[in-house]
Amino acid sequence: MAASSPEGVLETQDGKRRQFGNRFLSDPARVFHYNAWDNVEWSEAQAAAAERKVQENSSQRVCPEKQVDYEVNAHKYWNDFYKIHENGFFKDRHWLFTEFPELAPSHNPLTDLPLDSEKSEVSKDRSGEDGLGFTTERHGCSWTSCGCDTQGPPVEETVTRELSHLEICADEFPGSSTTYRILEVGCGVGNTVFPILQTNNNPNLFVYCCDFSATAIELVKTNSEYDPSRCFAFVHDLCDEDQSYPMPEGSLDVVVLIFVLSAIVPDKMQKAISRLSRLLKPGGVMLLRDYGRYDMAQLRFKKGQCLSGNFYVRGDGTRVYFFTQDELHALFTAAGLEKVQNLVDRRLQVNRGKQLTMYRVWIQCKYSKPLLPGVSREVPVPHTT
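Residues numbered from 1 in each chain as written. Predicted model: local features only at pLDDT ≥ 70, side-chain atom pairs only at ≥ 80, totals over all residues. Heavy atoms only, no water.

Caption draft 1: Spatial organisation of the overall build of the protein. Of regular secondary structure, the protein possesses ten helices and eleven strands. Pairs at least 24 apart in sequence give 78% of the contacts found in the protein among residues at least 6 apart. Accessible area for the protein stands at about 16700 Å²; split by element, carbon and sulfur atoms hold 50% of it. (Helix = DSSP H or I, 4+ residues; strand = E, 2+ residues; numbered from the N terminus. Contact = heavy atoms within 4.5 Å. Areas by Shrake-Rupley, 256 points an atom, 1.4 Å probe, with all protein chains shown as cover.)

Caption draft 2: Layout of the side chain of Gln-341. Take Gln-341: it is sitting in strand β10 (residues 338–351). One polar contact links Gln-341 to Gln-364, side chain to side chain, over a distance of 3.2 Å. (Polar contact = N/O pair within 3.5 Å; in protein donor to acceptor, adjacent residues only side chain to side chain.)

Caption draft 3: Up close: the sheet that holds strand β9 (residues 319–321). Strand order across the open sheet formed by three strands is β7-β8-β9, with antiparallel pairing between neighbours. Every other strand in the sheet has two partners, leaving β7 (306–308) and β9 as the edge strands with one partner each. Pairs of neighbouring strands in the sheet enclose a mean axial angle of 30 degrees, with direction left out of account. (Pairing = 2+ DSSP bridges. Axes fitted to C-alpha atoms, helices over the stretch in contact; angles between N-to-C directions.)

Caption draft 4: Examining the nonpolar core more closely. Membership of the largest hydrophobic core comes to 42 residues, with the highest contact counts inside it found for Leu-183 and Leu-276. Per-element accounting of this core gives the leading share, five residues, to helix α8 (residues 269–279). Within the second largest apolar cluster, 37 residues are counted, among which are Ile-217, Val-220, Leu-287 and Trp-362. (Core = buried A, V, L, I, M, F, W, Y, C linked by side-chain atoms within 4.5 Å. Buried < 20%, exposed > 50% of the residue type's maximum accessible area, 1.4 Å probe, protein only.)

Quick look at the structure:
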């Protein structure tokens, strides 16, 4: 077996990052030889134990009054999170270019989508410490070096006012002169957006990014890498049907949802996905990476933190849902999208220093918007210059 590079990331001889899914644990005695193992199969006993744990931590629900508070003040809890952590909680998601080639230069998302049967694994969870050496992703959030020390009106009020003056029409909107447009929902402080912009210098690429937290968006906009001629960051509530997006329907090539859908109330997910689907061009794709049922993070919750079935609140007031493949498939297809990929990624992460094993479960999806009859599959593709 090849030696591992830092963080267990496999590399080819030319130093490029290799697709995950190439390291399998055949000898349990070697479990602590690497930081992570791919495609780990659970035994029946392990699956049953996980189900019992979820039944146990779901037996006592958060009281209705507190549930209302977590919903009404969700923006406050996320703003507090970013005020505390700023850009120090997460790392940049460079693994996205391997797992989602649609975001990489010189890739045609309509003619080169991998099939659902193809193995596709992503890097181990790239996130901050969350006690006892365990790590968890948060809300599709991000990182990158930046700082924020501004004076004047509250951040949320300022950004919202700027967006309210923006008139959206089919002919003129941010990025209207470009030909390849990507939107990341739940961008956090830019850990997906900035790697995309750094990797691709094509002037025909434009990236939109939005987040529920005005603090996060201010961190994105004050980052030295932020270029308004190539990127538009804005505050947006994914669940607010009265809020408009700064681009017309049918204008996006890619929508990215990385650990964000799980942060909203389950009964609001369908309308949110349906609205995003309408923003896609025919042939455009929606990319999702999120928590799967019985992930380690779900099993670690205590009694009294469950809001509803498989939906929990963390100690900082932010919330998280744990999906099944069928649930996500139903959401996407009800929005008029067609399945390209819907995979469960079961990884065994290892803390070799503390001799701990951590079983992670994530789901990775790619769904495309059907092409109109007679429309060619050729689309403009960004490329590096």
